[in-house]
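Architecture at a glance
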Amino acid sequence: MIVLRHCESEFNRLYSLTGRDPGTPDPSLSTQGKEHALKLVSELQGSVTRILVSPFTRTLQTAAPLAQALNITPEIMPLLRERNLYSCDAGSPASTLSKAWPGLDFSQLDEKWWSGHPESDHQLQDRVRQFKAFMRTQPDTSQTLVVSHWWFLLALSGDSLENGDWQHQSL
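Read on for an overview of the structure. Because the structure is a prediction, the values reported are computed rather than measured.

Turning our eyes to something else, we now look at the overall build of the protein. From N to C terminus, the protein includes six helices and five strands. The order of helices and strands in the protein, counted from the N terminus, is β-α-α-β-α-β-α-α-β-α-β. For the protein, the C-alpha radius of gyration of 15 Å lies close to 16 Å, the compact-globule estimate for 171 residues. With the C-alpha coordinates of the protein rotated into their principal frame, the extents come out at 40 × 35 × 35 Å. Here the protein, with 171 residues, has 49% of them falling under the buried criterion. A fraction of 74% describes how many contacts in the protein between residues 6 or more apart in sequence connect residues 24 or more apart. Of the roughly 8100 Å² of accessible surface on the protein, a fraction of 49% belongs to carbon and sulfur atoms. Across the protein, 15 positive and 19 negative side-chain charges occur, with their mean positions spaced 2 Å apart.

Pasting the structure below:
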């Protein structure tokens, strides 16, 4: 599979400037993040046939240009969410996401689907195990793009990915 950390969000931009949590739940991509997401189309275009994405706005916006270019409908996967350590890790309600992204299926989400409290390392590792078990049952893992977040991808791959970084990952 190919794992991709979402591109720069407004939270990331502001946090980089101040070193403080700016209090921005479910932020959108920054201008730079949106430009980076567009550039990923040329980098990933020939190798992706399926997109699994966390339900946060920043991951949906990161996946959108490639999904559109490839005529792929991203699949929403709450297992890929962030751990809820910062304000940006509070998501948008499923009903809000459904209105903002009418072409995507959010029906498997609870209205409040994100973690209500910081997850422990054990809880995060459990989600990663569940995700790996799921992916082992899938026929097209080598061409699947997984768009997620720093903590989840660190636990999955062992690597710290910067905003918009991607890599091939085996199970």
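This is not the end of the story, as more comes after the structure.
Let us now look at helix H1 (residues 10–18). Three or four residues apart is the spacing at which side chains of an α-helix point the same way, because the helix has 3.6 residues per turn. Two to three positions downstream of the cap, the backbone nitrogen of Phe11 sits 3.3 Å from a side-chain oxygen, assigning the N-cap of H1 to Ser9. Downstream of H1 by one or two residues, Gly19 has phi in the positive range, about 75 degrees.

Space inside the largest pocket adds up to approximately 330 Å³. Lining the largest pocket we find 18 residues, and of these Arg5, Phe11, Asn12, Tyr86 and Trp150 sit closest to its centre. Elements with a contribution of two residues or more to the lining of the largest pocket: H1 and helix H6 (150–157). For the lining of the largest pocket, the element with the highest residue contribution is H1, accounting for four residues. The residue makeup of the lining of the largest pocket, split by class, is six nonpolar, seven polar and five charged.

Rules used in this analysis
Residues numbered from 1 in each chain as written. Predicted model: local features only at pLDDT ≥ 70, side-chain atom pairs only at ≥ 80, totals over all residues. Heavy atoms only, no water. Helix = DSSP H or I, 4+ residues; strand = E, 2+ residues; numbered from the N terminus. Rg over C-alpha atoms; globule rule 2.2 N^0.38 Å. Buried < 20%, exposed > 50% of the residue type's maximum accessible area, 1.4 Å probe, protein only. Contact = heavy atoms within 4.5 Å. Areas by Shrake-Rupley, 256 points an atom, 1.4 Å probe, with all protein chains shown as cover. Lys, Arg positive; Asp, Glu negative; His and termini not counted. Charge placed at Lys NZ, Arg CZ, Asp CG, Glu CD. Polar contact = N/O pair within 3.5 Å; in protein donor to acceptor, adjacent residues only side chain to side chain. 1 Å grid on protein atoms, 1.4 Å probe; cavity = no way out; pocket = protein on both sides within 12 Å on 5 of 7 lines; lining within 4 Å. Points joined across faces, edges and corners; volume = space filled by probe spheres on them. Nonpolar A, V, L, I, M, F, W, Y, C, P; charged D, E, K, R; others polar.

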